[in-house]
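# Breakdown of the fold
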Amino acid sequence: MGLRFTVLASGSTGNATIVQCDSATVLVDVGLSTKKMEELMRERGVAGHHLDAILVTHEHSDHIKGLGAFARKFNLPIYANQATWEALERHVGQIAAEKRVVIETGESVTFGSMKTTSYAISHDAAEPVGYTFDYEGEKLGLATDLGYVSDKVRLVLEDSDVLVLESNHDVDMLRMGRYPWNIKRRILSDLGHLSNEAAGEALCQLLTDRTKRVYLAHLSLDHNLMDLAKLTVNNILESNGFFFRKDEYPLRETYHNKPTPWDEVKRR
């Protein structure tokens, strides 16, 4: 087995991703109840006792809703930076001291033969991060909940074999939607979420000959549609000279209520 992953759920109703190599299995975020997490994991043949650790991106409820209960049930260590730990305190309940691991932003930690590195992103949380995973020359980049793709983020992600990238909303749908204007302004800001257009523009800088697939993630149920996100992103790519045959089309879907198939990063 090389490096592989499944996005268990992605969106404002809850987020969780499993990343695995032959010697380790880690979970990124626990944004759903323990019962729902176990249900989704079961669909991919994984149980809580298979996991080695939980990594936290930030403290918003759609990323940590089930964190405390899940970690206690399976006696798992939780990795987060110090600012995120402080923001988590009142949300996760009692976590044993030996299970509270601080990984500062930009730091790397190794699980088995898999190196995990956190990197800073722009979002309205205490100290939000994304993660990259490296294993025997293969690289997976996870990038959601970021208001924009900075030059530093681009440098971290640009050599990923597979990317999981936020494509949260269609700007027109959001502007005409039911949210109060202060919420819309937050989502549209540099501390909010990537629009479909912003995701497409970011990919124009991120795609290289090494890129095999891109998963569009964290789509809004109210202000986006997967077909619209894929169409918008693809139109921007094509207008910038990126064309793909149907059999090598790089865009893939994620779902708010079911896991993606296991994806082996090295697979073309």
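Residues numbered from 1 in each chain as written. Predicted model: local features only at pLDDT ≥ 70, side-chain atom pairs only at ≥ 80, totals over all residues. Heavy atoms only, no water.

### A word on the packing of aromatic side chains
To keep it simple, the criterion reads: Within 6.5 Å between ring centres, the rings of Phe, Tyr and Trp (the latter by its six-membered ring) count as paired, and their orientation is classed by plane angle as stacked under 30 degrees, edge-to-face over 60, tilted in between. Secondary structure elements follow DSSP: runs of H or I of four or more residues count as helices, runs of E of two or more count as strands, with numbering from the N terminus. Buried means the residue's accessible area, taken with a 1.4 Å probe over protein chains only, is under 20% of the maximum for its type, while exposed means over 50%, and partly exposed covers the values in between. Criterion for a charge above a ring: Lys NZ or Arg CZ within 6 Å of the ring centre, and within 35 degrees of the ring normal.
Scanning the entire structure with this criterion turns up three aromatic pairs. Between F70 and F74, the aromatic rings sit 5.0 Å apart at their centres with planes inclined by 55°, giving tilted as the arrangement. A residue pair is termed a helical-turn pair when its members lie 3 or 4 positions apart in one helix, as F70 and F74 do in helix α3 (residues 67–74) at four residues. Taken individually, F70 and F74 each receive the classification buried, so the pair is uniform in this respect. One cation-aromatic arrangement involves R100 over W85; the distance from NZ or CZ to the ring centre is 4.5 Å. Above the ring of Y255, the side-chain terminus of K258 is found at 4.5 Å from the ring centroid.

### Description of the environment of N168
For the record, the criterion: By definition in these notes, contact holds between two residues if any of their heavy atoms fall within 4.5 Å.
Note that N168 resides in the loop between β11 (162–166) and α6 (171–176). Relative accessible area serves as the criterion here: at 7%, N168 is assigned to the buried category. Remark: the alpha-carbon pair of N168 and H193, spanning 25 residues in sequence, is separated by 6.1 Å. In contact with N168, other than residues within four places in its own chain, are I187, H193, L194, N196, A217, H218, L219, S220 and N224.

### Topic: the layout of surface pockets
Heads up, the rule is: Here a cavity means grid points, on a 1 Å grid over the protein atoms only, where a 1.4 Å probe fits yet cannot get out; a pocket means an open set of points with protein on both sides within 12 Å along at least five of seven lines; lining residues are those with an atom within 4 Å of a point. Grid points are joined across faces, edges and corners, and a volume is the space filled by probe spheres set on the points. Three residue categories are used. Nonpolar comprises Ala, Val, Leu, Ile, Met, Phe, Trp, Tyr, Cys and Pro, charged comprises Asp, Glu, Lys and Arg, and polar comprises the others, including Gly.
Within this model, the largest pocket holds a volume of roughly 330 Å³. If you trace the largest pocket, you find 15 residues lining it, with T211, K212, F244, E248 and R268 closest to the centre. Residue classes in the lining of the largest pocket are distributed as five nonpolar, two polar and eight charged. In this structure, the second largest pocket occupies an estimated 260 Å³ of space. In this structure, the second largest pocket is lined by 18 residues; those nearest its centre are S12, D62, R186, H193 and H218. Elements with a minimum of two residues in the lining of the second largest pocket: α2 (61–64) and α7 (181–188). Take the lining of the second largest pocket: its biggest share by element is three residues, from α7. Residue composition of the lining of the second largest pocket, by class: five nonpolar, nine polar and four charged.

### A short note on the packing of helix α1 (residues 34–43) against α3
Note the threshold: Orientation is described by lines fitted to C-alpha atoms, with helices fitted over the stretch in contact, and by angles between N-to-C directions that extend from 0 to 180 degrees.
One way to put it is that α1 packs onto α3 with a least axis distance of 9 Å and a crossing angle of 65°. Note on element contacts: α3 touches α1 through A69, F70, K73 and F74, opposite T34, M37, E38 and M41. Residue composition of the contact of α1 with α3, by class: five nonpolar, one polar and two charged.

### Some details on the sheet that holds strand β8 (residues 114–120)
Threshold: Here, any two strands with at least 2 DSSP bridges between them count as paired.
On the basis of which strands lie adjacent, the open sheet formed by seven strands has the order β7-β8-β9-β10-β11-β12-β13 and mixed pairing. Both edges of this open sheet fall to β7 (108–111) and β13 (251–253), since each of them pairs with a single strand only. Across this sheet, the average inter-strand angle for adjacent strands is 20°, counted without regard to direction. Note that strand β9 (residues 129–135) and strand β10 (residues 138–143) share five bridges and pair antiparallel. If you follow F133 over to β10, its bridge partner there is L140. In the packing of helix α8 (residues 196–206) onto the sheet, the strands contacted are β11, β12 (213–217) and β13, and the crossing angle to β11 comes to about 155°. The sheet contacts of helix α9 (residues 226–239) involve β12 and β13, and relative to β13 the element is tilted by about 165°.

### A look at the pattern of salt bridges
Pairing is possible between side chains that carry opposite charge, provided their charged atoms lie close to one another. We count it as follows: Counted as salt bridges are all cases of a side-chain nitrogen of Lys or Arg within 4 Å of a carboxyl oxygen of Asp or Glu.
Here the structure, examined in full by the defined rule, presents 13 salt bridges. D161 serves as the salt-bridge partner of K212, at 2.7 Å between the closest nitrogen and oxygen. Separated by 51 residues along the polypeptide, K212 in the loop between α8 and β12 and D161 in the loop between α5 (151–157) and β11 bring together distant segments of the chain. The residues K212 and D161 share a single accessibility class, namely buried. Across the salt bridge formed by E253 and K230, the nearest N and O atoms sit 3.4 Å from each other.

Such coordinate-based values are descriptive only and should not be taken to indicate function.
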